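One letter stands for each residue in the lines below.
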Amino acid sequence: MNEKKSDMDGAQTTVTKESWFIQETPMGDFMIVYYISPDPMKVHQGLAESREPFDVWFKDQILDICGIDINTPPPSLPEQVLDWRR
């Protein structure tokens with residue numbers, strides 16, 4: 001998991017935490033992505049526009065794993081319905 005850590009550290013510098021999970025469900029596997037950034041839409045736009053070697057590799061991985069082409073940013077981000085903290 002750490003083989004691309006230094007490359008990832010240099011990419012998307014506004015992201016302070018990022019985690020990816022595979023959730024098995026009766027309907028098939030589901031990818032859950034969680035990250036923290038002060039400007040999430042800027043993260044998506046920056047990644048979509050980037051031609052940096054690591055970002056190109058990363059986008060290829062997402063396409064291969066999820067079938068999602070993130071070269072075009074989403075029109076909006078998911079609506080948050082709960083934010084619980086202790």
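A. Here's a closer look at the overall build of the protein. A count of helical and extended segments in the protein gives three helices and two strands. Shown N-terminal to C-terminal, the secondary structure of the protein runs as helices and strands in the order α-β-β-α-α. Here the protein, with 86 residues, has 16% of them falling under the buried criterion. Across the protein, contacts joining residues at least 24 apart in sequence account for 39% of those joining residues at least 6 apart. Accessible area of the protein: about 7,300 Å², with a carbon and sulfur share of 55%.

B. A look at the side chain of Ser19. As for its placement among the helices and strands, Ser19 is situated in strand S1 (residues 17-23). A relative accessible area of 18% means that Ser19 is categorised as buried. The residues contacting Ser19, other than those within four sequence positions of it, are Ile32, Val33 and Tyr34.

C. Structural detail: the side chain of Lys59. On the secondary structure map, Lys59 appears in helix H3 (residues 53-66). Lacking a salt bridge, the buried Lys59 has Asp55 as its closest oppositely charged neighbour, with an N-O distance of 6.6 Å. If near-sequence neighbours (up to four positions away) are discounted, Lys59 is found in contact with Leu47, Ala48, Ser50, Arg51, Ile70 and Asn71.

D. How the structure looks around the pairing of S1. Bridge analysis of S1 against strand S2 (residues 30-36) gives seven bridges, and the strand direction is antiparallel. Along S2, the bridge assignment pairs Trp20 with Val33. Between S1 and S2, which follow one another and run antiparallel, lie six residues, and Gly28 among them has a positive phi close to 115°.

E. Structural detail: the pattern of salt bridges. Tallied over the entire structure, the rule returns one salt bridge. A salt bridge links Asp83 to Arg85; its shortest N-O distance comes to 3.2 Å. A residue is classified by how much of its surface remains accessible, and Asp83, at 47% relative accessible area, is partly exposed. According to the relative accessible area criterion, Arg85 is exposed, its value standing at 66%.

Definitions and cut-offs
Residues numbered from 1 in each chain as written. Predicted model: local features only at pLDDT ≥ 70, side-chain atom pairs only at ≥ 80, totals over all residues. Heavy atoms only, no water. Helix = DSSP H or I, 4+ residues; strand = E, 2+ residues; numbered from the N terminus. Buried < 20%, exposed > 50% of the residue type's maximum accessible area, 1.4 Å probe, protein only. Contact = heavy atoms within 4.5 Å. Areas by Shrake-Rupley, 256 points an atom, 1.4 Å probe, with all protein chains shown as cover. Lys, Arg positive; Asp, Glu negative; His and termini not counted. Salt bridge = Lys/Arg side-chain N within 4 Å of Asp/Glu carboxyl O. Pairing = 2+ DSSP bridges.

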